[in-house]
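Topology and contacts: notes
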Number of protein chains: 2
Amino acid sequence: MEERLADRLQQIKKLLHAEQLKLTPQREATLRVLLENQEAHLSAEEVFMLVKHKAPDIGLATVYRTLELLVDLRIIEKLNFGDGVARYEFRERDQPHHHHHLICLDCGKVSEIEDLLGDLERSIETRHRFRIVDHRVSFLGYCRECQEKTKTEGTALPSVAKDR
Amino acid sequence: MEERLADRLQQIKKLLHAEQLKLTPQREATLRVLLENQEAHLSAEEVFMLVKHKAPDIGLATVYRTLELLVDLRIIEKLNFGDGVARYEFRERDQPHHHHHLICLDCGKVSEIEDLLGDLERSIETRHRFRIVDHRVSFLGYCRECQEKTKTEGTALPSVAKDR
DNA sequence: ATAGATGCAAAGCGTTTGCAGGCCT
DNA sequence: AGGCCTGCAAACGCTTTGCATCTAT
């Protein structure tokens, strides 16, 4: 896993250079944090705090600018789980469609499942003459652990989760 | 259509009264705007501007409070298209799952298609032991009109749309 | 010298909240 | 009186931007 990280950084360095952009220490630190927390769906603020450990002098604005840059370069993806903060994750290589998210309304955990919409998209494209280039899919519900927790607590039907 | 609107308002009045809440002129004006623009996916600011015509003295905070109230009562639904503003639309009666949205990356138009995820959800529920209570699905792409516009302009492949 | 990149602080934007009244039994 | 409701303005939280400075060609 160690060399894969270094490899990926080299690839990205080339991508940046192709656009006359630099892989500065701040950008590298930000990328390392993102690479080391692939499944974490970090917010900008969370990335910032983690990067501070590696590069204490970095500013929040730089993190925001770096994240925006990486989104534009399609290296990472900006996610929106409706909780008022943008979250970021690495894009799969050359994969236009990301996976789907299962969002637990109780504990807030977000897990991922593979993309299941291929056939559906094709039928939508023909029926609505709408050319689909991407989709955003989230399923809201209760994860296994929270279902069991609720059972043992003997609580009745879980109330509707608040928006924030 | 006229009487259906009045009917719906009476229903909602009862719902409010059941919670010791009142259907004030401001709330009624807000509801009328929402009822008269069912497919429009209005933002709070847009609702506010439309309500101002009917009730010029209303404050933005009241609109926000009314919208929040209606969301809590499950009369309307808060939508998030990732453009940085919350949008609102009426809930279908007793229908837990809303429809899906086709979002055009060129002109920004949002159209609706019926819910197509029933089977998919059941298979996810068993395979991941995740109890699904709702989902959010948006397809991003190019609508029929924008596809044709692009063709006649002779422009090459449309560039990736900016996030905002 | 030139162009990109940075940190800081200030501004921006949508949304929420505190508060002093207002309305309606 | 009491509760709900309102408008206004201020506050809020996340994000963006202006600017002077720095770095590496």
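What you see is a predicted model, and the numbers here were worked out from it, not measured in a lab.

Structural notes on the protein's contact with DNA strand D
Among the 20 residues in the neighbourhood of DNA strand D, the closest are listed as Y64 of chain A together with K22, T24, R27 and T62 of chain B. Per the 4 Å cut-off to the protein, sugar and phosphate atoms form 75% of the nearby atoms of DNA strand D. A86 of chain A has a polar backbone atom sitting 2.9 Å from a phosphate oxygen of DNA strand D. G59 of chain B is positioned with one of its backbone polar atoms (N or O) 3.2 Å from a phosphate oxygen of DNA strand D. Considering every element that reaches the surface near DNA strand D, the biggest residue donor is helix 4 (residues 60-72) of chain A, with four residues. Classifying every residue of the surface near DNA strand D gives nine nonpolar, six polar and five charged.

Observations regarding the UniProt feature "binding site: Fe cation" (unreviewed entry) in chain A
Residues and elements named next belong to chain A. In the numbering used here, UniProt assigns the feature "binding site: Fe cation" (unreviewed entry) to H98 and H135. Structurally, the position occupied by H135 is in strand 6 (residues 131-142). We classify H135 as buried; its relative accessible area is 0%. A polar contact of 2.4 Å, which involves the side chain of H135, links it to the side chain of E121.

As for the protein's contact with DNA strand C
Not every one of the 20 residues close to DNA strand C is listed here, only the nearest: K22, T24, R27 and T62 of chain A together with Y64 of chain B. With respect to DNA strand C, the backbone of K22 of chain A contributes an N or O atom lying 2.7 Å from a phosphate oxygen. Those elements giving two or more residues to the surface near DNA strand C turn out to be helix 2 (25-36) and helix 4 of chain A together with helix 4 (60-72) of chain B. At four residues, the largest contribution of residues to the surface near DNA strand C is made by helix 4 of chain B. The class makeup of the residues in the surface near DNA strand C is nine nonpolar, six polar and five charged.

Details of the nonpolar core
By size, the foremost hydrophobic cluster in this structure holds 26 residues, and its most contacted members are L31, L34, V47, L67, I75, I76 and F90 of chain A. Top contributing element to this core by residue count: helix 2 of chain A, with five residues. Not counting residues up to four positions away in its chain, the partners in contact with F90 of chain A are R8, I12, L31, L34, L35, Q38, I75 and I76 of chain A. V33, I58, L69 and I76 of chain B belong to the second-largest nonpolar core, a separate cluster that totals 25 residues.

Here's the deal with the pattern of salt bridges
Oppositely charged side chains can form a pair if their charged atoms are brought close together. Residues and elements named next belong to chain A. In the structure shown here, the tally under the stated rule is 14 salt bridges over all chains. Here E145 and K109 are joined by a salt bridge, their closest N and O atoms 3.0 Å apart. With E145 in helix 6 (residues 144-153) and K109 in the loop between strand 4 (100-104) and strand 5 (110-113), the pair connects residues that are 36 residues apart, well separated along the chain. Its relative accessible area of 45% is what places E145 among the partly exposed residues. Residues joined by salt bridges that share partners form a network here, namely E46, D83 and R87.

Rules of the game
In this numbering scheme, every chain counts its residues from 1 along its sequence in written order. Note on labels: chains are lettered from A, ligands numbered from 1, in written order. Predicted model: local features are reported for residues with pLDDT of at least 70 only, side-chain atom pairs are reported and counted for 80 or more only, and whole-chain, interface and lining totals are derived from all residues. Hydrogens and waters are ignored; side-chain quantities use all the structure's heavy atoms. When at least one non-hydrogen atom of a residue lies within 4 Å of a molecule or strand, that residue is treated as near it. Throughout this description, a polar contact denotes any pair of N or O atoms lying within 3.5 Å of each other; where both atoms belong to protein, one of them has to be capable of donating a hydrogen while the other can accept it, and for residues adjacent in sequence the pair is counted only when both atoms sit in side chains. Labels follow the DSSP assignment, with helices taken as runs of H or I lasting at least four residues and strands as runs of E lasting at least two, numbered in each case from the N terminus. Each residue is assigned to one of three groups, with Ala, Val, Leu, Ile, Met, Phe, Trp, Tyr, Cys and Pro labelled nonpolar, Asp, Glu, Lys and Arg labelled charged, and all others, Gly among them, labelled polar. UniProt positions are given in the numbering used here, feature names are shortened, and annotations may be inferred rather than shown by experiment. Burial classes: relative accessible area under 20% of the type maximum marks a residue as buried, over 50% as exposed, and values in between as partly exposed (1.4 Å probe, protein chains only). By convention a nonpolar core is built from buried Ala, Val, Leu, Ile, Met, Phe, Trp, Tyr and Cys residues, the set being connected through side-chain atoms within 4.5 Å. Here, residues are in contact when the closest pair of their heavy atoms is within 4.5 Å. We define a salt bridge as a side-chain nitrogen of Lys or Arg found within 4 Å of a carboxyl oxygen belonging to Asp or Glu.

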